[in-house]
Amino acid sequence: MCTRALWNNSGQGVLVGRNMDWREEMDTNLWVLPRGAQRVGHDRDPLPLTWTARHGSLVATVWDGATSDGVNEHGLAAHVLWLAETDFGDRDPEVPALAVSLWPQLFLDLCATVEQCVALIAEMPFQVRPLIEPRSQRAATVHLALEDATGDSLIIEHLDGRAVLHHDRAHTVMTNSPPYDRQLELRERYTGFGGDLPLPGSTEAADRFVRASYYLDRLPPAATPARAYAALLSVMRNAAQPFGEPDPQRPNISATIWRTVTDLRQRRYLFESCFSPNIVWTDLDQLDFTRCHKLDLADPGLLGNVTARYTLADPPTFIVS
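Computed from a predicted model, the values in this text were never measured in an experiment.

How each quantity is defined
Residues numbered from 1 in each chain as written. Predicted model: local features only at pLDDT ≥ 70, side-chain atom pairs only at ≥ 80, totals over all residues. Heavy atoms only, no water. Pairing = 2+ DSSP bridges. Helix = DSSP H or I, 4+ residues; strand = E, 2+ residues; numbered from the N terminus. Contact = heavy atoms within 4.5 Å. Axes fitted to C-alpha atoms, helices over the stretch in contact; angles between N-to-C directions. 1 Å grid on protein atoms, 1.4 Å probe; cavity = no way out; pocket = protein on both sides within 12 Å on 5 of 7 lines; lining within 4 Å. Points joined across faces, edges and corners; volume = space filled by probe spheres on them. Buried < 20%, exposed > 50% of the residue type's maximum accessible area, 1.4 Å probe, protein only.

### So, the sheet that holds strand β15 (residues 256–263)
Argument step 1. Taken together, the 7 strands give an open sheet; going across it, the order is β14-β1-β2-β15-β16-β17-β19, and neighbouring strands pair in mixed fashion. Only two strands of the sheet have a single neighbouring strand rather than two, namely β14 (173–174) and β19 (304–305).
Argument step 2. Pairing of strand β1 (residues 3–7) with strand β2 (residues 15–21), which is carried by 5 bridges, proceeds in the antiparallel orientation. Across the sheet, the residue bridging to A5 is G17, located in β2.
Argument step 3. Those strands touched by helix α5 (residues 225–238) are β1, β2, β15, β16 (268–273) and β17 (279–283), and its axis lies near 35° from that of β2.

### Things to note about empty space enclosed by the protein
Argument step 1. Under the defined criterion, the tally for this structure stands at 2 cavities of 30 Å³ or more.
Argument step 2. Counted as a void, the largest cavity has a volume near 280 Å³.
Argument step 3. If you trace the largest cavity, you find 20 residues lining it, with V62, A66, V100, E133 and A140 closest to the centre.
Argument step 4. Contributing elements (two or more residues each) for the lining of the largest cavity: β7 (66–72) and β8 (77–82).
Argument step 5. At 3 residues, the largest contribution of residues to the lining of the largest cavity is made by β7.
Argument step 6. In this model, the second largest cavity occupies a volume close to 30 Å³.

### Points about the environment of G161
Argument step 1. Looking at the secondary structure, you find G161 in the loop between β12 (153–159) and β13 (162–167).
Argument step 2. Using a relative accessible area of 37% as the deciding quantity, one classes G161 as partly exposed.
Argument step 3. In this structure, the C-alpha to C-alpha distance between G161 and D87, residues 74 residues apart in sequence, is 5.2 Å.
Argument step 4. Not counting chain neighbours up to four residues away, the residues in contact with G161 comprise D87, F88 and G89.

### Some words on unusual backbone geometry
Argument step 1. For the peptide bond that leads from S177 to P178, omega is 0°, which places it in the cis range.
Argument step 2. Residue W63 is not a glycine yet carries a positive backbone phi of 50°.
Argument step 3. Residue placement: W63 occurs in the loop between β6 (57–62) and β7.
Argument step 4. Overall, W63 belongs to the buried group, its relative accessible area being 15%.
Argument step 5. Positioned with a positive phi, D64 is a non-glycine residue whose angle comes to about 50°.
Argument step 6. If you trace the backbone, D64 turns up in the loop between β6 and β7.

As structure tokens, this is what we get:
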């Protein structure tokens, strides 16, 4: 499920692309989440993590119950991707619980940079708790990528019950299995990364990791933001999954259903549904982060700049139990 690619030398600031791969549509909508929102990280745990949002954010939800992708008003972006090897560990009753549906939202709410995300993890202990994905009834085993407007990057995985942090500007690509350390090792076997194997062509996560890394490294700087967006989209489409009958036991190789490009310097968020020929974008600097707004992506008339198309709405009901 998914590919993330961070482009630090676009010539137009820091850009990040993300493909969402899943076996069915996820009723995704875009939400403007305001500053000052009160969050409860879990509603069935006696010790939930609680916090108040310092920053407004624009997020893409799945089933209007979990943040899967998004960016805040300071240019910190977050992306949740599938990782079958994820193990959040047994519950530690001494540490506040945070449902995985709100895991990326915590950082978007409280941090402006990746450095602040790293500090938050050290200073505000919490334990991410798994949830059951509502349609398949499978545990949502995911890992998280974060990046900021300086190009800093953080990838967080939970393996054997322990959080593993990969913090480096060089960590620009993330897909799915195997875990990140192993992905880096496998990449070294291919041409362009020290090995002699030709670029792989399958839609397996490890092959997408190599291909996205290879083509991202070879993108020339762009003369305009529009050309930069098109260039990054060319890499994301190369790593996309074509339509086809999904394997219910292998969600990581399901079809790509939507993709995003986030401009972290200009704070512009582009969204492309694979079920529509139209791309829409939102300029965060023109949003009202004092109240909750929603953009219903089921509207077939959406095209181009949709910043003015958001409407006031009650906040989404996050799945936290």
